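Fold and geometry: a report
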Amino acid sequence: MKVFGLAGWSGSGKTTVMVNLLPELIQRGFSVSTVKHAHHKFDIDRPGKDSYEHRRAGASEVMISSINRWALMHELSDNNDLPLTELMEHMSPVDLLIVEGFKWEPHPKIEIHRPSLGKPLLQPDDRNIVAVASDKKLHSLDVPVLPLSNILGIADFIVDAVSLKPSCAE
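Predicted, not measured: the structure shown is a model, and the values here were computed from it.

Cut-off values and rules
- Residues numbered from 1 in each chain as written.
- Predicted model: local features only at pLDDT ≥ 70, side-chain atom pairs only at ≥ 80, totals over all residues.
- Heavy atoms only, no water.
- Helix = DSSP H or I, 4+ residues; strand = E, 2+ residues; numbered from the N terminus.
- Buried < 20%, exposed > 50% of the residue type's maximum accessible area, 1.4 Å probe, protein only.
- Contact = heavy atoms within 4.5 Å.
- Areas by Shrake-Rupley, 256 points an atom, 1.4 Å probe, with all protein chains shown as cover.
- Salt bridge = Lys/Arg side-chain N within 4 Å of Asp/Glu carboxyl O.

1. Some remarks on the overall build of the protein
A tally of helices and strands in the protein yields four helices and eight strands. Its helices and strands in sequence order give the protein the pattern β-α-β-α-β-β-α-β-β-β-β-α, from N to C terminus. Taken along its principal axes, the extent of the C-alpha atoms in the protein is 55 × 40 × 25 Å. Taking all 170 residues of the protein together, the buried fraction comes to 36%. Here the contacts in the protein between residues at least 6 apart in sequence split such that 55% fall between residues at least 24 apart. Carbon and sulfur atoms form 52% of the exposed surface of the protein, whose accessible area is close to 10700 Å².

2. Notes on helix α4 (residues 151-161)
Burial in α4 covers these residues: I151, I154, A155, F157, I158 and V159. Turning to α4, the residues buried within the fold contact β1 (2-7), α1 (14-27), β5 (96-100), β6 (109-113), β7 (129-134) and β8 (145-147). Two residues or fewer past α4, S163 is found with a positive phi of approximately 50 degrees.

3. What to know about the side chain of H107
Examined against the element boundaries, H107 turns out to sit in the loop between β5 and β6. Given the relative accessible area of 5%, H107 is considered buried. With residues near it in sequence (within four places) discarded, H107 still touches V3, F4, G5, L84, V99, F102 and N128.

4. Looking at the pattern of salt bridges
Counted under the stated rule, the structure contains six salt bridges. A salt bridge links D156 to R28; the shortest N-O distance between them is 2.8 Å. Separated by 128 residues along the polypeptide, D156 in helix α4 and R28 in the loop between α1 and β2 (32-36) bring together distant segments of the chain. In this structure D156 comes out as partly exposed when scored by relative accessible area, which is 39%. Between E53 and R56 there is a salt bridge, and its shortest N-O distance comes to 2.9 Å. On the criterion of helical spacing, the pair formed by E53 and R56 is a turn pair, its members being three residues apart in helix α2 (residues 50-56).

So, in structure tokens, the structure goes:
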């Protein structure tokens, strides 16, 4: 399974790029999954639901299943983020796993950068950032700079960067 990431500061547009990139890659014949890092405490469940009550009662894992999807919630008792490689062990194989966030993990990634946020580029300090996508022209970088609005170009870059071939062609 090939892995490629989208990194950047909060508010830079990583999710917007992701939701526009996914249909393009899938239309090209690739199977794609995603993993997203959240910096804050989050919950996909809510009080009053049976699965929430199972977790509140102490279950280490709770799986919810329906005709349309299933979800597995695993409680982390030590309050530590798991490394991406460990999380990936729980993913089904696909052609490409796109990682949103996990900006300091050692996989190839494009930095999504908007100078208007006033945040510094991550790229100079991260050798795994192989390109920057920005809404403004950037100069003096050691990696390609892609127009943030050019989803086709970003998709082409990722496909080339990880030597991606659709699973039906293998």
